[in-house]
Amino acid sequence: QEQLVESGGGLVQAGGSLRLSCAASGRTFSRYAMGWFRQAPGKEREFVAAISWSTLQTDYVDSVKDRFTISRDNVRNTVYLQMNSLKPEDTAVYYCAAAQVRYEFQIPRYGYDYWGQGTQVTVSS
């Protein structure tokens, strides 16, 4: 029901920046919490960031808290992940996800219902 398509990944040198975008095609985008996850080769998928319906609540994993910023545009039906000061350990496939939640302030780290196809981010040293 909700289709998500990520873009903006690529190859960047350590210390550089990238902005990921996730376009949603569903009719009720503004009623979902949105999140970003990542998965490196040989490792399990991990939570990166989430944002509530209203944009007033955000959550980040500690390793990216001072470097990444999640945002959303409910008119364009798009969520973003601005990544600054990138490190080689940030290399992974990044996935956009949408969660059906009951309250507008919820920012879950799990229980997401819809997922994008992923976009590769590679940070070289």
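A brief structural summary. Residues take numbers from 1 onward in each chain, read along the sequence in its written order. Two thresholds apply to this predicted model, a pLDDT of at least 70 for residue-level local features and 80 or more for giving and counting side-chain atom pairs, whereas whole-chain, interface and lining totals are computed over all residues. Hydrogen atoms and water are omitted, and side-chain values are computed over all heavy atoms in the structure.

Brief notes about the sheet that holds strand β7 (residues 68–73)
Any two strands between which DSSP finds at least two bridges are classified as paired. Under the scheme used here, helices are H or I runs from DSSP no shorter than 4 residues and strands are E runs no shorter than 2 residues, and both carry numbers assigned from the N terminus. The strand order across the open sheet formed by 4 strands is β1-β3-β8-β7, and the pairing between neighbours is antiparallel. Edge positions in the sheet fall to β1 (4–7) and β7, since each has one partner strand and no second. Going from strand to strand, the sheet's axes swing by 15 degrees on average, the running direction of each strand aside. Inspection of the sheet shows β7 paired to strand β8 (residues 78–83) by 6 bridges, in the antiparallel sense. What sits directly across from Phe68, in β8, is Met83. Note on method: axes are straight lines fitted to C-alpha atoms, helices fitted across the in-contact stretch only, with angles between N-to-C directions ranging 0 to 180 degrees.

So, the state of the cysteines
By convention in this document, the label disulfide applies to cysteine sulfur atom pairs within 2.5 Å. Counted according to the given criterion, the structure contains 1 disulfide. Here Cys22 connects covalently by a disulfide to Cys96, the sulfurs 2.1 Å from one another. Disulfide Cys22 to Cys96: torsion about the S-S bond roughly -80 degrees, handedness left-handed. Residue Cys22 is located in strand β3 (residues 18–24), and its partner Cys96 is located in strand β9 (residues 92–100); the two are separated by 74 residues in the primary sequence.

Notes on unusual backbone geometry
For residues that are not glycine, phi is negative in most cases, and the peptide bond is trans in most cases. For Thr55, which is not a glycine, the phi torsion comes out positive at approximately 75 degrees. On the secondary structure map, Thr55 appears in the loop between β5 (46–51) and β6 (58–60). In this scheme, a residue with accessible area under 20% of its type's maximum is buried, one over 50% is exposed, and one in between is partly exposed, where area comes from a 1.4 Å probe on protein chains only. Judged by its relative accessible area of 36%, Thr55 is partly exposed. A positive phi angle, near 50 degrees, is found at Ser85, a position not held by glycine.

All quantities given are derived from atomic positions and should not be read as evidence of function.
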